[in-house]
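Reading the structure
One-letter residues, chain by chain:
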Amino acid sequence: MSPRPVDRRPIIISGPSGVGKGTLAQKLIDKYPDTFALTVSHTTRSPRVNEIDGKSYHFVSATTFTTLLSQDAFVEHTTFNSHQYGTSKAAITDITDKGLIAVLDIEIDGVQQIRGNSSIDARYVFIKPPSLEALGARLRSRGTESEIDVLSRLTRARDEIEFAETQGVYGKIIVNDDLERAYGELEELMFR
Ligand SMILES: Nc1ncnc2c1ncn2[C@@H]1O[C@H](COP(=O)(O)OP(=O)(O)OP(=O)(O)O)[C@@H](O)[C@H]1O
């Protein structure tokens, strides 16, 4: 049986694009599927190869996204590289209703929106790259972004790291240098 974390609040994992937050969150869920589950976000971007609708994301049209927004369905939403992304309230309650702990993998402006929404009490973890150079290499090796996208993500990453280190939002900052080491730090935090 999996250990049961005492702290049942949703976990918000954020950090620059390509830093490895998705990889870390997935490792936690793969190891403890009866304890944690990842919220499924909505997006207007097209699926990448191997992404499954309803599992990787809810892939929706811009019109559907706008309708959901007007219904106040999201706890956070953002536009990035011309595509919209959002986490619905239902995505969190779907998980907590099953007695699991919700894990949110989101960008920094989403974090700011959730912080402004006092109805959600969550734990905040920031995943930091060992350097911007390493982040660039990771993004390029993932092969899912154009060079222009990579450069725009790196510019944004610099601001995000500064925000994380100065605004006191995050209970924990984990440097994702070595994946296993960083994962160990995340796991220790979850079961502390
Ligand atoms: N510690 C690490 N060392 C080297 N490569 C890593 C490490 N952690 C993750 N990676 C690799 O970096 C790439 C980006 O990781 P991932 O997709 O998890 O990032 P992300 O932060 O979730 O990005 P996005 O927000 O754009 O989805 C992947 O190819 C992943 O395998």
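Residues numbered from 1 in each chain as written. Predicted model: local features only at pLDDT ≥ 70, side-chain atom pairs only at ≥ 80, totals over all residues. Heavy atoms only, no water.

So the rule is basically this: UniProt positions are given in the numbering used here, feature names are shortened, and annotations may be inferred rather than shown by experiment.
Labelled according to an unreviewed UniProt entry, the protein appears under the name guanylate kinase, originating from Penicillium cataractarum. The Sequence similarities (unreviewed entry) field of the UniProt record for the protein holds the comment "Belongs to the guanylate kinase family."

**Comments concerning the sheet that holds strand β8 (residues 123-128)**
Worth spelling out the cut-off: Whether two strands pair depends on DSSP finding at least two bridges between them. Counting from the N terminus, the helices are DSSP H or I runs at least four residues long and the strands are E runs at least two residues long. For helices, the fitted line uses only the C-alpha atoms of the stretch in contact; every axis is such a line through C-alpha atoms, and the angle between N-to-C directions lies from 0 to 180 degrees. Residue contacts are counted whenever heavy atoms from the two residues lie within 4.5 Å of one another.
An order of β2-β7-β1-β8-β9 is seen for the five strands of this open sheet, with the pairing classed as parallel. Edge strands, defined here as strands with exactly one partner in the open sheet, are β2 (36-38) and β9 (172-175). In this sheet, neighbouring strand axes are inclined to one another by 25 degrees on average, regardless of whether the strands run parallel or antiparallel. Both β8 and β9 contribute to a ladder of four bridges, which runs parallel. When the bridges of β9 are listed, V125 appears paired with K172. Packing of helix α3 (residues 89-96) onto the sheet brings it into contact with β2 and β7 (101-106), and relative to β7 it is tilted by some 150 degrees. Packed on one face of the sheet, helix α6 (residues 147-166) meets β8 and β9 and runs near 135 degrees to β8.

**Concerning the pattern of salt bridges**
Any two side chains of opposite charge can pair, on the condition that their charged atoms come close. Spelled out, the test is: Whenever a carboxyl oxygen of Asp or Glu lies within 4 Å of a side-chain nitrogen of Lys or Arg, that contact is scored as a salt bridge. Burial here depends on accessible area, computed with a 1.4 Å probe over protein chains only, as a share of the maximum for the residue type. Under 20% is buried, over 50% is exposed, and the range in between is partly exposed.
What the rule picks out here adds up to 19 salt bridges. The shortest N-O distance in the salt bridge between R156 and E160 comes to 3.1 Å. On the criterion of helical spacing, the pair formed by R156 and E160 is a turn pair, its members being four residues apart in helix α6. We classify R156 as partly exposed; its relative accessible area is 22%. Relative accessible area serves as the criterion here: at 6%, E160 is assigned to the buried category. Salt-bridge contacts for R181 lead to E185; the nearest nitrogen and oxygen are separated by 2.7 Å. Residue R181 and its partner E185 are both found in helix α7 (residues 179-191); the two are separated by four residues, about one turn of the helix. The partly exposed category is assigned to R181, whose relative accessible area is 35%. Overlapping salt bridges, with partners in common, bring together D7, R9, D121 and R123 in one network.

**Quick look at the nonpolar core**
Under the convention used in this document: In this description, a nonpolar core means a group of buried Ala, Val, Leu, Ile, Met, Phe, Trp, Tyr and Cys residues linked to one another through side-chain atoms lying within 4.5 Å.
Among the nonpolar cores identified, the biggest contains 24 residues, and I11, F36, V125 and M190 are the most heavily contacted of them. Elements supplying a minimum of two residues to this core: β1 (11-14), α1 (21-31), β7, β8, α5 (132-142), α6 and α7. Looking at this core, the element that brings in the most residues is α7, giving five residues. Setting aside its immediate chain neighbours within four residues, I11 contacts F36, I101, A102, V103, L104, R123, V125 and M190. Core analysis: the second largest hydrophobic core is formed by 21 residues, I12, I108, I114 and Y124 among them.

**Focus: the site of the ligand**
So the rule is basically this: We call a residue near a molecule or strand when any one of its heavy atoms sits within 4 Å of it. Polar contact is defined as a pair of N or O atoms within 3.5 Å, subject to the rule that within protein one atom must be able to donate a hydrogen and the other to accept it, and that residues adjacent in sequence are counted only when both atoms are side-chain atoms. What sets the accessible areas is the Shrake-Rupley method with a 1.4 Å probe; for residues, cover comes only from the shown protein chains. Buriedness for pockets is judged along seven lines, at least five of which must meet protein on both sides within 12 Å for an open set on the 1 Å grid over protein atoms alone, while cavities are sets there where a 1.4 Å probe fits but cannot get out, and lining residues have an atom within 4 Å of a point. A cavity or pocket is said to hold a molecule if more than half of that molecule's atoms lie within 2 Å of its grid points.
Around the ligand sit 16 residues, and of these S17, K21, T23, R142 and N176 come closest. Take T23: an N or O atom from its side chain is 2.5 Å from an oxygen atom of the ligand. At a separation of 2.8 Å, a nitrogen atom of the ligand approaches a polar side-chain atom of N176. Here the ligand loses 74% of its free accessible area of 650 Å² to cover by the protein chains. A molecule is said to occupy a pocket when more than half its atoms come within 2 Å of that pocket's grid points, and by this definition the ligand occupies the largest pocket. Broken down by secondary-structure element, the contributors of at least two residues to the shell around the ligand are α1 and α5. The dominant element in the shell around the ligand, judged by the number of residues it contributes, is α1, at three residues.

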